[in-house]
Amino acid sequence: MKILAYNISSCTQQKLNELYKQEADVYVIPEMAKDVKIPDGYFLKWTGNYESKGLGIIYKNADVPDCYDETLSYAIPLRYEDLFILAFWPTKIDKSESYTQIAKRILNHYSAELKAHNSIISGDFNLYHKNDKPNKDADILEINNLLKSFGMKSVYHELRGESFGSETKKTYFHQFKEDNPFFLDYTYYSQKKLQIKKYELLPWDKEFSDHIGQLIEI
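We now turn to the structure provided with this report. (Residues numbered from 1 in each chain as written. Predicted model: local features only at pLDDT ≥ 70, side-chain atom pairs only at ≥ 80, totals over all residues. Heavy atoms only, no water.)

With that out of the way, let us pick up the environment of Ile140. Examined against the element boundaries, Ile140 turns out to sit in helix H4 (residues 140-149). Sequence spacing of Ile140 and His129 is 11 residues, and the spatial spacing of their C-alpha atoms is 5.9 Å. In this structure, Ile140 is in contact with Phe125, Leu127, Tyr128, His129, Phe164, Tyr186 and Tyr188, ignoring residues within four places of it in sequence. (Helix = DSSP H or I, 4+ residues; strand = E, 2+ residues; numbered from the N terminus. Contact = heavy atoms within 4.5 Å.)

Structure (structure tokens):
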């Protein structure tokens, strides 16, 4: 199975058509508009508070399971046989919760599924870590510890042997500035159950998005 996760920023049909050239089985697309065209043979599930900017998952040969809670905006589960996929984009609408709190609430809801099945979580987590400037509102370390308790690890950090906050590649360039990078986009997997055949961070295209895409094959 091939999964492409890509926060495309300022959604257009032209951008989506470029993604479709990857011929992935599943597309996880933060910042996707609600009304878009998808390839023949695929299905679309979308969630969000604004029709021009939500979380979309485009897929084939899979189902949305009964555990899906539509009130948990910006997270959508899929099940393909024994594989459980969670498209993930914890996003703040107001100041009542931090990014970390939103992420915890979503992950705790799906914890039983994530523990029981071969599982993949992929998307823009809106969480990072800086050793010199901890950010309690959006720190990945607390979420990483939670996912470790589920038996899940970050593909990037596991394959590269790099620590959080010390990534040699970044996935987001704030305000499209190359000198202001962050690591916000992750894929977590059931480390003892799944084999990752390929994990690639795509080259940054400044004209396409302020993020870069993740390409995963399992």
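Assignment of secondary structure puts Lys92 in the loop between strand E6 (83-88) and helix H2 (99-109). Along the sequence, Lys92 and Ser73 sit 19 residues apart, while their C-alpha atoms lie 9.8 Å from each other.

A separate point is the layout of surface pockets. Approximately 260 Å³ is the volume found for the largest pocket. Per-class residue counts for the lining of the largest pocket are seven nonpolar, six polar and five charged. (1 Å grid on protein atoms, 1.4 Å probe; cavity = no way out; pocket = protein on both sides within 12 Å on 5 of 7 lines; lining within 4 Å. Points joined across faces, edges and corners; volume = space filled by probe spheres on them. Nonpolar A, V, L, I, M, F, W, Y, C, P; charged D, E, K, R; others polar.)

By the secondary structure assignment, His117 is in the loop between helix H3 (111-116) and strand E7 (118-124). For His117, the side chain forms a polar contact with the side chain of Asp82, separated by 2.9 Å. (Polar contact = N/O pair within 3.5 Å; in protein donor to acceptor, adjacent residues only side chain to side chain.)

Scanning the entire structure with this criterion turns up 10 salt bridges. In this structure, Glu31 and Lys53 form a salt bridge, with 3.9 Å as the shortest nitrogen-oxygen distance. Residue Glu31 is found in strand E2 (residues 26-32), and its partner Lys53 is found in strand E4 (residues 53-59); the two are separated by 22 residues along the sequence. Here Lys53 falls in the partly exposed class, since its relative accessible area comes to 39%. Here Lys104 and Glu142 are joined by a salt bridge, their closest N and O atoms 2.9 Å apart. One end of the pair, Lys104, is in helix H2; the other, Glu142, is in helix H4, and 38 residues separate them in sequence. Relative accessible area serves as the criterion here: at 42%, Glu142 is assigned to the partly exposed category. (Salt bridge = Lys/Arg side-chain N within 4 Å of Asp/Glu carboxyl O. Buried < 20%, exposed > 50% of the residue type's maximum accessible area, 1.4 Å probe, protein only.)

A separate point is H4. All of the buried residues in H4 are Ile140, Ile143, Asn144, Leu146 and Leu147. Down the axis of H4, the buried side of the element spans an arc of 160 degrees, and every buried residue falls inside it. The secondary structure elements touched by the buried residues of H4 are H2, E7, strand E8 (152-154) and strand E11 (185-190). Between the side-chain oxygen at the start of H4 and the backbone nitrogen of Leu141 there is a gap of 2.9 Å, and the oxygen is on Asp139. Gly151, located one to two residues past H4, shows a positive phi value of around 85 degrees. (Arc of directions from axis to C-beta.)

Turning to the sheet that holds E8, a few remarks are in order. Spatial ordering of the open sheet is given by E5-E6-E7-E11-E8, a layout of five strands whose pairing is mixed. Only two strands of the sheet have a single partner each, and these edge strands are strand E5 (75-80) and E8. Each strand axis lies, on average, 20 degrees off the axis of its neighbour in the sheet, ignoring direction. Two elements, E7 and E11, share five bridges in a ladder whose sense is antiparallel. The residue of E11 that forms the bridge with Asp124 is Asp185. (Pairing = 2+ DSSP bridges. Axes fitted to C-alpha atoms, helices over the stretch in contact; angles between N-to-C directions.)

In this section: the packing of aromatic side chains. Counted under the stated rule, the structure contains 16 aromatic pairs. Where Tyr6 meets Phe208, the ring centres are 5.2 Å apart and the plane angle is 55 degrees; that geometry is what we call tilted. Residue Tyr6 is located in the loop between strand E1 (2-5) and helix H1 (13-20), and its partner Phe208 is located in the loop between strand E12 (198-201) and strand E13 (214-217); the two are separated by 202 residues in the primary sequence. Here the two residues Tyr6 and Phe208 agree in accessibility, since each one is buried. Aromatic rings pair up to connect Phe88, Phe125, Tyr156, Phe164, Phe183, Tyr186 and Tyr188 into one cluster. Of note, Lys15 hangs over the ring of Phe208, and the distance from its end group to the ring centre comes to 5.5 Å. The residue whose ring lies beneath Lys92 is Tyr99, and the NZ or CZ to ring-centre distance is 5.2 Å. (Phe/Tyr/Trp six-rings, centres within 6.5 Å; stacked < 30°, edge-to-face > 60°. Lys NZ or Arg CZ within 6 Å of the ring centre and 35° of its normal.)

A few words on the sheet that holds strand E3 (residues 43-50). With mixed pairing, the six strands of this open sheet are ordered in space as E3-E4-E2-E1-E13-E12. Only two strands of the sheet have a single partner each, and these edge strands are E3 and E12. In this sheet, neighbouring strand axes are inclined to one another by 10 degrees on average, regardless of whether the strands run parallel or antiparallel. One ladder, built from four bridges, connects E12 with E13; its direction is antiparallel. The residue of E13 that forms the bridge with Lys198 is Glu217.

Note that all results are geometric; they support no functional claim without further evidence.
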